[in-house]
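Understanding the architecture of this molecule
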Amino acid sequence: MKKVAAAIAMLLFALCLGACAPLPEADYTDIALNSYEVEITDREDGRLFSPKAENVTWGFIFYLGTAMSTDNYDNIMTEIASAGIAVFVNSNPFPDVLYNEEDGAYAALGMQNYFIGGHSQGGGTAVRRACENPTSTRGVALYSPLISNDCTLSDKDMPTIYFEAENDKVLSSSMQSAAKNRMNKDCEFVTLRGAGHMCYGASSLLDGGGTTRDKAEIQAEVIQKTLSFMQSVINKTAAPQ
């Protein structure tokens, strides 16, 4: 009995040490090397991905593609949060059509440095949000965007990465051209080979067979290039002016 009691006491002590251990400090030297635990919290207005680290100073506000659910993008968003970027996925299923000028993501994340991003219709929302918040928006990440509003980044010094799917069965060539024309001259364009419009999430709704390459492989490429883009923006922001 004494041995059992001692074993239980040791186990409880170990659990207490784990629970009481301080969180690591967020390190933005090379975010691709980070691997923080991520806590996912569902709110009425969105899905929050919180890196378990101290002094997280960068956030990513993301807008859904039309009628998508917030968990559709869990793979990409969890990896971005694991790198030390707090992520908030807005739950509005029609983010540009039902645009809300007040976004709770800013209060939820509580930071000064934001990346703004979105997929499809959500990409158009991201452009609009970035244009309305130029001071806090450090960079824009667009995933096969559909831009139907009047906002543009073409006249703004805003770091931007633009992903397009090689086999997009949803956006016409004219839609894609119209979106590209809203970008500034320094925008980084990335063409995802063997990818369809829905390659960024779990859902294949409306993909139309466009995604012919392994989706996990495509998303790994998206994550790598997104984090590389974010790192370049972080470095630029931290550099003396």
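Placed above this text is the structure.
These figures come from a predicted structure and were not determined experimentally.

1. Comments concerning the pattern of salt bridges
Per the counting criterion, the structure on display carries 12 salt bridges. Taking the shortest distance from any N to any O, the salt bridge between Asp155 and Lys156 comes out at 3.1 Å. The class for Lys156 is partly exposed, based on a relative accessible area of 28%. Glu166 is the salt-bridge partner of Arg193, the closest N and O atoms lying 3.5 Å from each other. Remark: Glu166 occurs in the loop between strand S7 (160–165) and helix H5 (173–180) and Arg193 occurs in the loop between strand S8 (188–192) and helix H6 (215–238); sequence separation between them is 27 residues. Relative accessible area serves as the criterion here: at 40%, Glu166 is assigned to the partly exposed category. Taken together, the shared-partner salt bridges in this structure form one network comprising Asp42, Arg47 and Asp74.

2. Looking at the side chain of Asp74
With respect to the helices and strands, Asp74 occurs in helix H2 (residues 74–82). A distance of 3.1 Å separates the side chain of Asp74 from the side chain of Arg47, its partner in a polar contact. If sequence neighbours within four positions are ignored, Asp74 has contacts with Arg47 and Phe49.

3. With respect to the pairing of S7
S7 sits mainly inside the fold: 6 of its 6 residues count as buried. Along S7, one buried face is formed by Thr160, Tyr162 and Glu164 and the opposite face, lined by Ile161, Phe163 and Ala165, is buried too. Examined bridge by bridge, strand S6 (residues 137–143) and S7 share 4 bridges and lie parallel to one another. For Ala141, the partnering residue across the bridge sits in S7 and is Ile161. Inspection of the sheet shows S7 paired to S8 by 5 bridges, in the parallel sense. Within the sheet, the bridge partner assigned to Ile161 lies in S8 and is Glu188. Taken together, S7, H5 and S8 constitute a β-α-β crossover, and its handedness is right-handed.

Basis of the calculations
- Here the residue numbering is sequential within each chain, running from 1 through the sequence in written order.
- The predicted origin of the model limits local features to residues at a pLDDT of at least 70 and limits the giving and counting of side-chain atom pairs to 80 or more, whereas totals for whole chains, interfaces and linings rest on all residues.
- Heavy atoms throughout the structure, all of them, feed into the side-chain values; hydrogens and water do not.
- Salt bridge, as used here: a side-chain nitrogen of Lys or Arg that lies within 4 Å of a carboxyl oxygen of Asp or Glu.
- Only protein chains enter the accessibility calculation, which uses a 1.4 Å probe; a residue whose area is less than 20% of its type maximum is buried, one above 50% is exposed, and one in between is partly exposed.
- Only DSSP runs of H or I with at least four residues qualify as helices, and only runs of E with at least two residues qualify as strands; both kinds are numbered from the N terminus onward.
- The definition of a polar contact used here is a pair of N or O atoms within 3.5 Å, where within protein one atom must be able to donate a hydrogen and the other to accept one, and adjacent residues in sequence count solely through side-chain atom pairs.
- Pairs of residues are marked as contacts when any of their non-hydrogen atoms sit within 4.5 Å.
- Should DSSP find at least two bridges between two strands, the strands are regarded as paired.
- A crossover counts as right-handed when, viewed with the strands pointing away from the observer, the path leading from the first strand over the helix to the second turns clockwise.

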